[in-house]
Amino acid sequence: MTEAPTSEIQVRRATSEDAPACAAIVDDWITRTDWMPRDATLEELEAGIANAMSLREIWVAGDPVEGYLSLDPDSLKIGGFYCSRTGEGLGRALMDRVKEGRDYLWLHTHVPNEAAQRFYRREGFIELARVPAEPPGTVDEVQMEWRG
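In this text, all values refer to a predicted model and were calculated from it rather than measured experimentally. (Residues numbered from 1 in each chain as written. Predicted model: local features only at pLDDT ≥ 70, side-chain atom pairs only at ≥ 80, totals over all residues. Heavy atoms only, no water.)

Colleague: I'd love a proper account of a negative patch on the surface, names of residues and values included.
Modeller: A surface patch of negative charge is lined by Asp-39, Glu-43, Glu-44 and Glu-46. Mapped onto the elements of the fold, Asp-39 is located in the loop between α1 (19–32) and α2 (42–52). (Patch = residues over 30% accessible without salt bridge, like charges linked within 9 Å, V, L, I, M, F, W, Y side chains within 5 Å. Areas by Shrake-Rupley, 256 points an atom, 1.4 Å probe, with all protein chains shown as cover. Salt bridge = Lys/Arg side-chain N within 4 Å of Asp/Glu carboxyl O. Lys, Arg positive; Asp, Glu negative; His and termini not counted. Charge placed at Lys NZ, Arg CZ, Asp CG, Glu CD. Helix = DSSP H or I, 4+ residues; strand = E, 2+ residues; numbered from the N terminus.)

Given below as structure tokens:
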């Protein structure tokens, strides 16, 4: 796949109307990921994303929405980052947008998600620690940070 220039990918702040599309992307990722246990229904994912809208900066990419990134503006932690397709610039466009005006971000990604770890390394993130899953989660995580 050829990666599209990120300038051609529409990135904007999410609205409450985007919650179903964001939840569908996460739900599909869980379905396709054999090591990720399902701990929420599509409806629960949608409600969680909708509830986070007032607490987080949530950015969406594409029209229709094909990816989203959720950032806690106080802690600068990326709490959710999912794209329906990889290798086409969606993730980079979202990451470029959330890096604007910032010099620090951090996140947790799942240990088995090696593709995500490679992406984050390409984006300048470094691994800080491996951390055990916090219940109800069962998949250990990698803590990473970026300094611009």
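Colleague: Outline the pairing of strand β4 (residues 77–83), listing residues and values.
Modeller: Counting buried positions along β4 yields five of seven residues, so the element is predominantly enclosed. Turn length for the strand β3 (residues 67–72)-β4 hairpin, with the two strands adjacent in sequence and antiparallel, is four residues, and the turn residue Leu-76 shows positive phi of about 65°. Each parallel crossover has a hand, and for β4 linked through helix α3 (residues 90–99) to strand β5 (residues 104–110) it is right-handed. (Buried < 20%, exposed > 50% of the residue type's maximum accessible area, 1.4 Å probe, protein only. Pairing = 2+ DSSP bridges. Right-handed = clockwise from strand over helix to strand, strands pointing away.)

Colleague: Describe α1, listing the residues and the values that go with them.
Modeller: An α-helix turns once every 3.6 residues. As a result, residues three or four positions apart point the same way. Here α1 spans 20 Å end to end across 14 residues, near enough to the 20 Å set by a 1.5 Å rise per residue. The set of residues buried in α1 consists of Ala-19, Cys-22, Ala-23, Ile-25, Val-26, Asp-27, Trp-29 and Ile-30. (Expected span 1.5 Å × (residues − 1).)

Colleague: Any chance you could break down the pattern of salt bridges for me, citing the residues and the numbers?
Modeller: Under the definition given, this model contains 12 salt bridges. Taking the shortest distance from any N to any O, the salt bridge between Asp-27 and Arg-38 comes out at 2.6 Å. One end of the pair, Asp-27, is in helix α1; the other, Arg-38, is in the loop between α1 and α2, and 11 residues separate them in sequence. The class for Asp-27 is buried, based on a relative accessible area of 18%.

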